[in-house]
Amino acid sequence: MNRVDFTVAIPTYNGETRLPDVLDRLKSQINTENFSWEVIIVDNNSTDMTAKVVENYQADWSKLISLRYVFAPKQGVEFARQRAIEKARGELIGFLDDDNLPDAEWVAQAYCFGKKNPQVGAFGSQIHGDFFEQNYESKIPENLKEIACFLAIVERGNKPHLYNSRNKILPPIAGVVVRKQVWQQAVRKKLCLNHTDKAAGLASKDLEVLRNIQQAGWEIWYNPAMMVYHKIPNSQLKKDYLLNLMRCVGLSKHSLSKMTLKSWQKSLAFSGYIGNDLRILVLNSIKKGESIKADAITHYQTEFLWRTIKSPFLFWNKQKKAKTKVSSYQTFPEDEYLLEQIATAFEEKSFILHAQKILPIGEEDFHSEHLEILLRLQDKIGNIMLPGQFIPTAKRYNLMITIDKWVIGNLFTQLSQAARSNNNCVYEINLSAASVNDEKFIDFLSQQFDLYEISPETISLGISESIALANMKQVAKLISVFKEVGCQFTLDNVGRANLMPDYLKKLPIDYLKIDGKLVRGVTNNQENFRGIEQIHNLGYQLGIKTIAEAVENSNIMANIKTLGVGYAQGYAIDYPQRLLAGKKMNIGNSNINTVNYRTLQPAVA
C-alpha cells in the first residue's frame, strides 16, 4: 500500500445528494503541491446511489489526487470511521462529514499544522453554520447561539489554543484531524457509546473518541485556520429534532464523565455531579419563568439537564441488560471474516455475476433464452464463494438491499454494453425480503430501467414463496407496478407444505419454481413425486408455467418429464457460467468463462 502524507476521510450514509458539494470543494483545494494526499469515501451500507456518485467522480478526478471508495458493512458512523482508519494511507487523517464544506485551504492548513506540532494527537477546525435553507448568511439564529456547540458549530476565535482536559470541552469529530497511529493506539474499537443512531438513546461518540486520545496523554488543539462550513437544514432547527439531540447528549454524559475519573473517585463524584446538575436545573427553571424570550433555549437546556441526571441510571440499566443477554446471545465467529470479504467485494468489484440456463423439456412454447442470474464472491486468492457461505452474514448485518441493488445495477450495465437485442433472453433476478419491504425499491428499479434503457420484458423478478407469504401486501404491490410495464415474476422455492391455491390466485405469477429439496428426492421418494405433481397440476390450472430446479442427473430428468413439468434447471442441463459484458453475451460460447462446479456442492441461488 503506497503511503501518502494526508488522507481526507468522509463517512456517508445515503449521501448521493450531499457528497457532490463536498467533493467539488476538495477538487478545488489550493496550496497542496508540496505534499501527497488522498480522499476516501466510506460508504456505510448506503441504499441509494452513493457508490455510483463516487464512481462518476473517480472518472473525472485529478490524477494527482487519489479518490477511493471504501465500504463499511456495519451500520453506524463509529464503524465507518474505524474502517477509514484501517484503510487510510495517510499519516494524518482529516475527517469530514458529507454535509461539511471545507474552505479552499483546509487540506493545506491541516497538513501544515500537523507537521509543525508533532505533540498534538488531534486538532479540530473552526466550524461555521451554513443555514442554506434560510437567509442567515451563515450566521446562527440568535435564539440558538447558546446551544451552537450541540449543532457542531465551533467558533472559538482566530487563535489556535489547547483544549484543556480540566474544562471537559472537546471538538466534534467532523473537521478533526487525527494521527493514524494515535487513533490505533488510544481509541478502543468497541466504544461505550457504540450504536447506530440517536434512536438508540445515546450520542457523543465523537467526544468518547477524543477523550480516549486525551486520556492517552496526547494534546488536542483548536486550529481556526482550518475553516469548515456545516450545512444545517431547516429540519435540524425544529423543536423535536433539537429536543431529541439534547436528550441523547444528556444521556451520554455519565459515561463520558467516568472516563476522566480514577476508580476511587467515581462513587464520590456521582453525588457531586447530580447535585450540581440539580442546582443548574433549578436556576434554569427560574430563568424560564422570568424571561419569555429565553423560554425556547432554556427548554432545550432543561431537557439536557434532566437527561444528564438520568444518565447514570440509564447506564447501569444498559449494563444489567447486557449481562443478561450474554448467555443467550448467539455468536457467529466467522462473521468478521465474511464481513471483510463482503466489504472488499464492494470496494474491489470482486462480486461476480453468473448465469444458469433454464430450458424447456416438455411441449412448452419457447421463443427465447431463459437465464437465472446467480451471485458469486471471489476472494483475494481466486476462490469462488457461493451465496450460502456469505448471504446469512449479509442478512444479519442488513446488507441485502445493497447486494440486490448491486446485482441489478451490474446486470443492467452489462446488458446495456452488450451488442444484442433486448428481447431474445429473459433474465431472472432473485430479490431478498429486505428489498421487497423497502419502500424505495420500486423507485430504484424503475430508475434503473430508464437509466440503462433495459426492456422490462427481458426481466423476471424471483421472490421466494416464504417471502411472498410473509409479505403479501408488499409483494402484491411490487408485482402490480412492474407487471404493468412488462416484467415477469417467478415464485421461487415452492414447496408442498405451503401450497395454497387462494394466494396464488391473488398474485399474477408467470413461473412456479419447484423447491430443489423436492426435486432431488423425486427418484426415491413417492411423497416428493406426489408433491411435484400437485404443484405442476395447480400451475397448469392457473396458467402458470412450472420450473424444476436442482435437476442434477438423468434419473431426476426422466421423472420430471413424466410429471409434465415444462422447464428444468440444474447440472443435468447446464453448469453456471460467468456473465461478462462485451460485444456478445451468448451463453455457452467462447465469451463466457466457465467455472468447474463439479467440484462444488450443489449451487445455492
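For the structure given in this document, a descriptive report is provided here. Remember, predicted model here, so these are calculated numbers, not experimental data.

**Regarding the overall build of the protein**
Part 1 of the argument: When helices and strands are counted, the protein shows 20 helices and 20 strands.
Part 2 of the argument: Here the protein holds 605 residues, and the buried ones make up 52% of them.
Part 3 of the argument: Put simply, 77% of the contacts in the protein that link residues at least 6 apart link residues at least 24 apart.
Part 4 of the argument: As displayed, the protein offers around 28,800 Å² of accessible surface, 50% of which is attributable to carbon and sulfur atoms.

**What about the pattern of salt bridges?**
Part 1 of the argument: In the structure shown here, the tally under the stated rule is 21 salt bridges.
Part 2 of the argument: Among the ionic pairs, E372 bridges to K513, the shortest N-O distance being 3.0 Å. Here K513 lies in strand 17 (residues 511-514) and E372 lies in strand 12 (residues 369-378), a separation of 141 residues in the sequence.
Part 3 of the argument: Classification of E372 by relative accessible area gives buried; the value is 2%.

**Regarding helix 16 (residues 472-483)**
Part 1 of the argument: Between its first and last C-alpha atoms helix 16 spans 16 Å; for twelve residues at 1.5 Å apiece the expected length is 16 Å, and the two agree.
Part 2 of the argument: For helix 16, the full list of buried residues reads V475, L478, I479 and F482. Within helix 16, the buried residues cover an arc of 95° as seen down the axis, which keeps them to one side. More than 90 degrees from the buried face of helix 16, the exposed residues found are K473 and K477.
Part 3 of the argument: Buried-residue contacts for helix 16 involve strand 14 (425-431), helix 13 (433-436), helix 14 (441-452), strand 15 (459-464), helix 15 (465-470) and strand 16 (488-494).

**What about the side chain of D574?**
Part 1 of the argument: One can find D574 in the loop between strand 19 (567-568) and strand 20 (577-578).
Part 2 of the argument: An unpaired buried charge is present at D574: no salt bridge exists, and K357, the closest side chain of opposite charge, is 5.2 Å distant.
Part 3 of the argument: Discounting chain neighbours no more than four positions away, the residues touching D574 are A355, Q356 and K357.

**Looking at the pairing of strand 16**
The two faces of the sheet receive side chains in turn, since in a regular strand these alternate between them.
Part 1 of the argument: Among the seven residues that make up strand 16, six are buried, leaving the element largely enclosed by the rest of the structure.
Part 2 of the argument: In the sheet, strand 15 pairs with strand 16 via five bridges, with the strands oriented parallel. By the bridge assignment for strand 16, L461 is matched with F489.

**Focus: the packing of aromatic side chains**
Part 1 of the argument: Counted according to the given criterion, the structure contains 16 aromatic pairs.
Part 2 of the argument: Here F35 and Y111 contribute two aromatic rings whose centre-to-centre distance is 4.1 Å and whose plane-to-plane angle is 15°, an arrangement assigned as stacked. Taken together, the residues span a long stretch of sequence, with F35 in the loop between helix 1 (19-27) and strand 2 (37-43) and Y111 in helix 4 (residues 106-116) at a distance of 76 residues.
Part 3 of the argument: Ring centres of F351 and W406 lie 5.4 Å apart, and the angle between their planes is 55°; on these two criteria the pair is classed as tilted. A residue pair is termed long-range when its members are at least 10 positions apart, and F351 in strand 10 (residues 351-357) and W406 in helix 12 (residues 400-417) qualify at 55 residues. Comparing F351 with W406 shows no difference in burial state: the two are buried.

**Let's talk about the nonpolar core**
Part 1 of the argument: Ranked by size, the top nonpolar core spans 135 residues in total, and within it F6, L26 and V39 carry the most contacts.
Part 2 of the argument: With eight residues, helix 12 is the single largest residue contributor to this core.
Part 3 of the argument: Those residues within four positions of L26 in sequence are excluded, and the remaining contacts are V8, I10, W37, V39, W61, L96, P102 and V107.
Part 4 of the argument: In terms of nonpolar packing, the next biggest core, distinct from the first, is built from twelve residues, L144, A148, I153 and V249 among them.

**Concerning the environment of F6**
Part 1 of the argument: With respect to the secondary-structure elements, F6 resides in strand 1 (residues 4-12).
Part 2 of the argument: Residue classification places F6 among the buried positions, given a relative accessible area of 0%.
Part 3 of the argument: A sequence separation of 84 residues divides F6 from G90, and the C-alpha atoms of the two residues are 4.5 Å apart.

**Things to note about unusual backbone geometry**
Part 1 of the argument: Positive phi outside glycine occurs at N14, with the angle close to 50°.
Part 2 of the argument: The phi dihedral of A152 is positive, around 60°, even though this residue is not glycine.
Part 3 of the argument: When you line up the elements, A152 lands in the loop between strand 6 (120-130) and strand 7 (161-162).

**Here we look at the packing of helix 12 against helix 14**
Part 1 of the argument: Contact geometry for helix 12 and helix 14: axes closest at 10 Å, N-to-C directions at 15°. Considered as vectors, helix 12 and helix 14 are oriented roughly parallel to each other. Viewed along their axes, helix 12 and helix 14 form a crossing whose handedness is right-handed. Only F441, F444, L445, Q448, F449 and Y452 of helix 14 make contact with helix 12, whose side of the interface consists of K405, I408, G409, F412, T413 and S416.

**Some details on the packing of helix 19 (residues 526-542) against helix 20 (residues 554-563)**
Part 1 of the argument: Between helix 19 and helix 20, the shortest axis-to-axis distance is 10 Å and the interhelical angle comes to 45°. Relative to helix 20, helix 19 is oriented oblique. Classified by chirality, the crossing of helix 20 by helix 19 is right-handed. Every residue of helix 20 that contacts helix 19 at F529, I532, E533 and H536 is listed here: N559, I560 and L563.
Part 2 of the argument: Each residue belonging to the contact of helix 19 with helix 20 can be placed in one class, and the counts come to four nonpolar, two polar and one charged.

**Examining the pairing of strand 3 (residues 66-71)**
Part 1 of the argument: In terms of residue burial, strand 3 counts as a mostly covered element, since five of its six residues are buried.
Part 2 of the argument: As paired elements, strand 2 and strand 3 share six bridges and run parallel to each other. The partner of D43 across the bridge, within strand 3, is F71.

**Examining helix 12**
Part 1 of the argument: Taking 1.5 Å as the rise per residue, helix 12 with 18 residues should run 26 Å; its terminal C-alpha atoms sit 26 Å apart, in good agreement.
Part 2 of the argument: With 14 of 18 residues buried, helix 12 lies mostly within the body of the structure.

**Re the side chain of Q569**
Part 1 of the argument: Structurally, Q569 is set in the loop between strand 19 and strand 20.
Part 2 of the argument: Residue Q569 is classed as buried on the basis of its relative accessible area of 3%.
Part 3 of the argument: Side chain to side chain, Q569 and E372 meet in a polar contact 2.5 Å long.
Part 4 of the argument: Not counting residues up to four positions away in its chain, the partners in contact with Q569 are Q356, K357, I358, E372, K513, A548, E549, A550 and V551.

About the cut-offs
- Residues numbered from 1 in each chain as written.
- Predicted model: local features only at pLDDT ≥ 70, side-chain atom pairs only at ≥ 80, totals over all residues.
- Heavy atoms only, no water.
- Helix = DSSP H or I, 4+ residues; strand = E, 2+ residues; numbered from the N terminus.
- Buried < 20%, exposed > 50% of the residue type's maximum accessible area, 1.4 Å probe, protein only.
- Contact = heavy atoms within 4.5 Å.
- Areas by Shrake-Rupley, 256 points an atom, 1.4 Å probe, with all protein chains shown as cover.
- Salt bridge = Lys/Arg side-chain N within 4 Å of Asp/Glu carboxyl O.
- Expected span 1.5 Å × (residues − 1).
- Arc of directions from axis to C-beta.
- Lys, Arg positive; Asp, Glu negative; His and termini not counted.
- Pairing = 2+ DSSP bridges.
- Phe/Tyr/Trp six-rings, centres within 6.5 Å; stacked < 30°, edge-to-face > 60°.
- Core = buried A, V, L, I, M, F, W, Y, C linked by side-chain atoms within 4.5 Å.
- Axes fitted to C-alpha atoms, helices over the stretch in contact; angles between N-to-C directions.
- Parallel < 35°, antiparallel > 145°, perpendicular 65-115°, else oblique.
- Left-handed = near helix turned anticlockwise from the far one by under 90°.
- Nonpolar A, V, L, I, M, F, W, Y, C, P; charged D, E, K, R; others polar.
- Polar contact = N/O pair within 3.5 Å; in protein donor to acceptor, adjacent residues only side chain to side chain.

Just distances and angles here, no functional claims.
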